[in-house]
Amino acid sequence: MNQAINVNIIFRDHEGHELGRIAHQNIHEILIPAFKEDSHDMFIKRVFQEHPEVDTWQILDMVTDNLDVYLKLRPIASISSLKDFA
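Basis of the calculations
- Residues numbered from 1 in each chain as written.
- Predicted model: local features only at pLDDT ≥ 70, side-chain atom pairs only at ≥ 80, totals over all residues.
- Heavy atoms only, no water.
- Core = buried A, V, L, I, M, F, W, Y, C linked by side-chain atoms within 4.5 Å.
- Buried < 20%, exposed > 50% of the residue type's maximum accessible area, 1.4 Å probe, protein only.
- Helix = DSSP H or I, 4+ residues; strand = E, 2+ residues; numbered from the N terminus.
- Contact = heavy atoms within 4.5 Å.
- Phe/Tyr/Trp six-rings, centres within 6.5 Å; stacked < 30°, edge-to-face > 60°.
- Pairing = 2+ DSSP bridges.
- Axes fitted to C-alpha atoms, helices over the stretch in contact; angles between N-to-C directions.

**Q** Sorry if this is basic, but what is going on with the nonpolar core here?
**A** Where a protein is soluble and globular, its nonpolar side chains tend to be buried together. Grouped together as the largest cluster of nonpolar side chains are 12 residues: F11, L19, F35, I44, F48, V54, W57, I59, M62, V69, L71 and L73. For this core, the secondary-structure elements that each account for two or more residues are β4 (56-65) and β5 (68-75). For F11, the contacting residues outside a window of four places in its chain are H17, E18, L19, G20, R21, I22, I44, R46, F48, L71 and L73.

**Q** Where do I start with the packing of aromatic side chains in this structure?
**A** Within a pair of aromatic rings, the relevant descriptors are the distance that separates the centres and the angle that separates the planes. Per the stated rule, a full pass over the model turns up 2 aromatic pairs. Ring centres 5.3 Å apart and planes at 55° place the aromatic pair F11 and F48 in the tilted group. Of this pair, F11 sits in strand β1 (residues 5-13) while F48 sits in the loop between β3 (43-45) and β4, and the two are 37 residues apart along the sequence. Note on F11: relative accessible area 5%, which makes it buried. According to the relative accessible area criterion, F48 is buried, its value standing at 5%.

**Q** Looking at this structure, I do not really get the sheet that holds strand β2 (residues 18-27). What am I missing?
**A** Hydrogen bonds between backbone atoms are what pair the strands of a sheet, whose relative direction is either parallel or antiparallel. Spatial strand order, β2-β1-β5-β4-β3: 5 strands in an open sheet with mixed pairing. Lying at the two open borders of the sheet, with one neighbouring strand each, are β2 and β3. Between one strand and the next, the sheet's axes are offset by a mean angle of 35°, whatever the strand orientation. Pairing of β1 with β2 involves 7 bridges; the strand directions are antiparallel. Considered in β2, the bridge of I10 is made with R21.

Shape descriptors only; they carry no functional weight alone.
Okay, here's the thing in structure tokens:
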């Protein structure tokens, strides 16, 4: 069996301020999606304490540093797409 690891996801706004983080523990396998800045736009839905009025964020950048994943986000107006129904 693989050794369990802990992975942190750190959310930052486009100015570098930390919005929040998630710590995942006892992970045996992980798949981190490829991110290319010049590829299609990627979004997440999440509400952060500092910005309760925003629930949709565009992912501007993703950097992995060992077992930490840093996501740089920009708030956007709500978008309507199939992602809301998935």
